[in-house]
Amino acid sequence: MNRRSKVLFARAQKRIPGGVNSPVRAFRSVGGEPRFIKSGKGSRVIDVDGNSYIDYVCSWGPLILGHSPSKVQAALRQQTDLGTSFGASTENEVILAEMIADAFPAIEKVRLVNSGTEATMSAIRLARAFTGRNKIIKFDGCYHGHVDSLLVTAGSGVATLGLPDSAGIQPQECISTLSVPYNRIEVVQKVLDDNRAEVAAVIVEPIAGNMGTVLPAPGFLQRLRKLTREHGALLIFDEVITGFRLSYAGAQGLLRLKPDLTCLGKIIGGGLPVGAYGGHREIMKWVAPEGPVYQAGTLSGNPLAVAAGIATLKALKAANVYKRIEGLTQELVAGLRKAAEEAGAAVQINTIGSMFTVFFTNSPVTDFQSAKKSDTNRYGRFFHALLDRGVYFPPSQFETCFVSLAHSRSDIRTTIDAAREAFAAAV
Ligand SMILES: *Cc1c(COP(=O)(O)O)cnc(C)c1O
């Protein structure tokens, strides 16, 4: 029964472009109509018709503790009583900045903003100012928010809609953006050589989540670190997804690498709008009011977002959190692989930590080009068969599934049972 969702979607389409406030929510790449969600608790969301789903979208990454965790809810209630925004400094902003700096050795100073998009946009501006150079290297299939200059061969919703980039962006805005294949260090090397002393920064999702989950080849990021240093370009890790997700110190903690700048978002806002960028103090001192790079925000460091972020990070500091969530994910992925095999569905499941993607393709997925070989029609059938069975996967092949600390082993078993039938329906 989806009657209420249908009625709401019809109303939404009259007043909101495509009926949604972010494109991938519209289900365009899997067909059908989106469910309108009324509430979420733990691993589950409930829609307006009362259907309950085990959720692997988790708000696209922020909800690592699951929906409505009591500690975050309590922190939010406490802050609401005190006020929601002052446009002046608060103690909690300092505490969150200290927690981020403690977690990430590469971050000595950090600026809070309102979204991941603002974080990458500001990091690029800062990198250009600091180096006095213009060009930016990014990777095909890596998504860094809807920043004009970064919407070049971006993954995620852009991949889903099949747009090479977006209308309304001036060509000269992207002339300085060089997009190269992920995991191909020799191409990066050539582009850096061909653009000597012109590249301000290389921005990368160290472990990619926005073309589906794609892992860096052994040595790829280490060599990227070395090459950027040799060429005087800054290395920006976009850890908006992976920060506090793959380890308390993000992907860079896992890989023991130190980028020059790091972008954060999602988890550090505990489900409220947030972003952050930070790095070495010598670079961050270029940011206003200390330096000449202007960047501001009416609601930046918002008290509610910061309260939710602090409560979330505190919960993640507990022992064995990452081990537990990874164990659950491995159990799920092993079950999915077996279910796919039994159903005769050709899939590749990429996974790390609590992230995974089921790609409907025969060949390994190591970059955007190989990800795009996936059969998106099959994914669409798989997605809907799961949804009908109360399991909510991302409504696009080119996204990452997230397991939260609220998922239980019984959720995992239920999901595998549903997937067994969904794989059969997909092939
Ligand atoms: C989600 C995401 C962004 C953009 O964050 P918003 O808060 O949606 O603006 C940037 N980079 C990566 C890697 C992301 O996953």
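For the structure, check the block above.
Parameters and conventions
- Residues numbered from 1 in each chain as written.
- Predicted model: local features only at pLDDT ≥ 70, side-chain atom pairs only at ≥ 80, totals over all residues.
- Heavy atoms only, no water.
- Helix = DSSP H or I, 4+ residues; strand = E, 2+ residues; numbered from the N terminus.
- Contact = heavy atoms within 4.5 Å.
- Phe/Tyr/Trp six-rings, centres within 6.5 Å; stacked < 30°, edge-to-face > 60°.
- Buried < 20%, exposed > 50% of the residue type's maximum accessible area, 1.4 Å probe, protein only.
- Core = buried A, V, L, I, M, F, W, Y, C linked by side-chain atoms within 4.5 Å.
- Domains from an automatic or database assignment.
- Salt bridge = Lys/Arg side-chain N within 4 Å of Asp/Glu carboxyl O.
- Pairing = 2+ DSSP bridges.
- Axes fitted to C-alpha atoms, helices over the stretch in contact; angles between N-to-C directions.
- Near = heavy atom within 4 Å.
- Polar contact = N/O pair within 3.5 Å; in protein donor to acceptor, adjacent residues only side chain to side chain.
- Areas by Shrake-Rupley, 256 points an atom, 1.4 Å probe, with all protein chains shown as cover.

A. Up close: the side chain of Ser5. Along the polypeptide, Ser5 turns up in helix α1 (residues 3–15). Those residues in contact with Ser5 that sit more than four places away from it in its chain are Pro34, Arg35, Phe36, Val48 and Asp49.

B. The packing of aromatic side chains, seen in detail. For the structure on display, the rule yields 19 aromatic pairs. Aromatic side chains Phe368 and Phe398 sit 6.5 Å apart centroid to centroid with 80° between the ring planes, which places their arrangement in the edge-to-face category. One end of the pair, Phe368, is in helix α13 (residues 368–371); the other, Phe398, is in the loop between β13 (391–392) and β14 (401–402), with 30 residues separating them in the sequence. With respect to burial, Phe368 and Phe398 carry one shared label: buried.

C. The arrangement of the nonpolar core in detail. Core analysis: the largest hydrophobic core is formed by 72 residues, its most contacted members being Phe244, Leu316, Phe356, Phe393 and Phe423. Each of two domains, domain 1 (3–68 + 319–426) and domain 2 (70–316), supplies a minimum of three residues to this core. In terms of nonpolar packing, the next biggest core, distinct from the first, is built from 28 residues, Phe139, Cys142, Val180 and Leu235 among them.

D. Representation of the environment of Glu93 within the structure. If you trace the backbone, Glu93 turns up in helix α3 (residues 91–103). It is 9.6 Å that separates the C-alpha atoms of Glu93 and Ser300, two residues lying 207 residues apart in sequence. Contact partners of Glu93, with chain neighbours within four places excluded, come to Ala88, Ser300, Gly301 and Val306.

E. Region of the structure containing the pattern of salt bridges. Under the counting rule described, the total for this entry stands at 16 salt bridges. Of the charged contacts in the structure, one is a salt bridge between Glu230 and Lys226, with a shortest N-O distance of 3.2 Å. With Glu230 and Lys226 both in helix α8 (residues 220–231) and four residues apart, this pair spans about one turn of that helix. With a shortest N-O distance of 3.6 Å, Arg420 and Glu342 are connected by a salt bridge.

F. A look at the sheet that holds strand β10 (residues 275–279). Pairing within the open sheet is mixed, and its seven strands lie in the order β4-β10-β9-β8-β7-β5-β6. Here the strands that pair on one side only, and so sit at the sheet edges, are β4 (109–113) and β6 (177–180). Each strand of the sheet is rotated relative to its neighbour by a mean of 20°, with strand direction disregarded. Bridge count between strand β7 (residues 199–204) and strand β8 (residues 234–238): four bridges; the pairing is parallel. Across the sheet, the residue bridging to Val202 is Leu235, located in β8.

G. Inspection of the site of the ligand at higher detail. Every residue lining the ligand is accounted for by Ser115, Gly116, Thr117, Tyr143, His144, Gly145, Glu205, Asn210, Asp238, Val240, Ile241 and Lys266. Within the side chain of Asn210, a nitrogen or oxygen atom sits 3.0 Å from an oxygen atom of the ligand. Between Lys266 and the ligand, the recorded distance is 2.6 Å, taken from a side-chain N or O atom to an oxygen atom. Starting from 380 Å² of accessible surface for the ligand in isolation, the protein chains cover 83%.

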